[in-house]
Amino acid sequence: MFNIKRIIAVFVMVLMSNFLANLVLASVDGPSVFWKYSLWGKRRAFTEGAETLSKRLSEETNGKFNLKIFYGGQLAKSRENWDGLKANSFEMATVCNFYHPKKNPALMVLTLPFLPLGNSFERDAKIRQAVYDHPILKAEAAKFNGIYFMTSNLPQYEFMGKGKPPLKLTDFKGMRVRAGGGVGTAMVRLGATKMSVPAPETYTLIARGAVDAVSFPFTYAHAAYKINEVADWYTANLSPGTSDCPYVMNLKAYNKLPKQYQNLLNSLRGEALDSLKAAYKKADDKYLPIWKKKFKEIRYDKKTLDQFKSKAGKPIQDEWVAANKDQFDAQAVLDVILNYK
């Protein structure tokens, strides 16, 4: 009898502790909300910010704010997330600018080659956020019922390829490279043929020999899309630039949220960014030691890189400004990056 009473007492204590824990976790009270997040591919370093956001929203509201992530393009294809936001098909999505340059021409500024990015994760995140906060970018997103939440703060791009390695930059001449936006334009200056295709399609193309090299944020994306399974070489310090794939909220859905939920979302941005930084580093720590042993690592000398920058840096930036000046103040958008202190 004594043992039974003791078991019951312990059981009651466990129930009470769980109850109290839930009370502590529910630091933000409000109505039940269900948001759908549209993503392509599988869970990877690039998506850890969304995963953190989903987890912390649930914790802080005791499950009342449910942000459910739909992978594999279940809600929209990678090129159609702006359209899905506009149609109110979901409440949040990741949007990659170079998948649809005509839909977000001002956001394409962050694909330009040789921007002052890549030296500090935290500084890069602040620069990108400053771009999102510019009125031109806000208006551009609003056309598709969007509001920028945060950056995925992609690392600098490098190439991973199959076949003859480009030991000199002139070796890129005639190569078919998967490279979007301004990075692709920079590679064209070297004589390469630019191919802009969604990330999930790249493995098949390079495996079949339809593409010679793939540029991705280094290193996580090459591994996430299994390019390393068919590659022979990679560039380690080309770093011509990157792209931009922000987390975007449905503007209508965001405005419907109670103020405490809006504040909670914004307060979690830092945690989401921290999880991205950790995930990118984890990928580098895992893959780089293996790749250094398995593949041909290509590093270019400073003189070579400076020549590439002089050819494909400011000239392409100036061309972008000229091409867009009649649509919006492209120079003002670019200056947000170039003049950031």
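1. Comments concerning the state of the cysteines
Counting across every chain of the model gives 1 disulfide. One disulfide bridge connects Cys-96 with Cys-245, the sulfur atoms lying 1.8 Å from each other. Measuring the twist about the S-S bond at about 95 degrees, one finds the Cys-96-Cys-245 disulfide to be right-handed. One end of the pair, Cys-96, is in the loop between β3 (92–94) and α4 (121–132); the other, Cys-245, is in the loop between β9 (233–235) and β10 (247–250), with 149 residues separating them in the sequence. Side by side, Cys-96 and Cys-245 carry an identical accessibility label, which is buried.

2. Topic: the sheet that holds strand β4 (residues 146–150)
The strand order β2-β1-β3-β10-β4 describes an open sheet built from 5 strands, whose pairing is mixed. Because the sheet does not close on itself, it has two edges, and the strands there are β2 (65–70) and β4. Here the average twist between neighbouring strands, direction ignored, is 25 degrees. Bridge count between β4 and β10: 4 bridges; the pairing is antiparallel. The partner of Gly-146 across the bridge, within β10, is Asn-250.

3. A few points about the packing of aromatic side chains
Evaluation of the coordinates by the stated rule reveals 21 aromatic pairs. Put simply, the rings of Trp-40, Phe-46, Phe-98, Tyr-99, Phe-121, Tyr-220 and Tyr-280 pair up and form one aromatic cluster. Between Lys-86 and the ring centre of Phe-144, over which it is positioned, the NZ or CZ distance is 5.4 Å.

4. Overview of the environment of Trp-35
By secondary structure assignment, the location of Trp-35 is in strand β1 (residues 33–38). Exposure remark for Trp-35: the relative accessible area of 3% places this residue in the buried category. For the pair Trp-35 and Phe-172, spaced 137 residues apart in the sequence, the C-alpha separation amounts to 45 Å. Not counting the four nearest positions on each side in its chain, Trp-35 is found in contact with Phe-65, Asn-66, Leu-67, Lys-68, Glu-91, Met-92, Met-249, Ala-253, Tyr-254, Leu-257 and Leu-265.

5. Some details on the nonpolar core
As a rule of thumb, soluble globular proteins bury nonpolar side chains together. Core analysis: the biggest nonpolar cluster contains 111 residues, and Trp-35, Phe-172, Met-187, Leu-265 and Trp-320 have the highest contact counts within it. Sort the elements by how many residues they give to this core and helix α11 (residues 269–294) lands first, with 8 residues. Apart from residues lying up to four places away in sequence, Trp-320 is in contact with Pro-105, Ala-106, Met-108, Val-109, Leu-112, Phe-328, Ala-330, Val-333 and Leu-334.

6. Observations concerning the packing of α4 against α11
Two quantities define a packed helix pair, namely the angle between the axes and the distance from one axis to the other. Look at α4 against α11: their axes get within 11 Å of each other, and the N-to-C directions meet at 130 degrees. With respect to their mutual orientation, α4 and α11 come out oblique. Considering only the axes of α4 and α11, their crossing is right-handed. Of α11, the residues touching α4 (which contributes Phe-121, Glu-122, Ala-125 and Gln-129) are Arg-269, Leu-273, Leu-276, Lys-277 and Tyr-280. Of the residues that constitute the contact of α4 with α11, the class distribution is 5 nonpolar, 1 polar and 3 charged.

Conventions used here
- Residues numbered from 1 in each chain as written.
- Predicted model: local features only at pLDDT ≥ 70, side-chain atom pairs only at ≥ 80, totals over all residues.
- Heavy atoms only, no water.
- Disulfide = S-S within 2.5 Å.
- Helix = DSSP H or I, 4+ residues; strand = E, 2+ residues; numbered from the N terminus.
- Buried < 20%, exposed > 50% of the residue type's maximum accessible area, 1.4 Å probe, protein only.
- Pairing = 2+ DSSP bridges.
- Axes fitted to C-alpha atoms, helices over the stretch in contact; angles between N-to-C directions.
- Phe/Tyr/Trp six-rings, centres within 6.5 Å; stacked < 30°, edge-to-face > 60°.
- Lys NZ or Arg CZ within 6 Å of the ring centre and 35° of its normal.
- Contact = heavy atoms within 4.5 Å.
- Core = buried A, V, L, I, M, F, W, Y, C linked by side-chain atoms within 4.5 Å.
- Parallel < 35°, antiparallel > 145°, perpendicular 65-115°, else oblique.
- Left-handed = near helix turned anticlockwise from the far one by under 90°.
- Nonpolar A, V, L, I, M, F, W, Y, C, P; charged D, E, K, R; others polar.

Distances and angles like these do not, on their own, reveal function.
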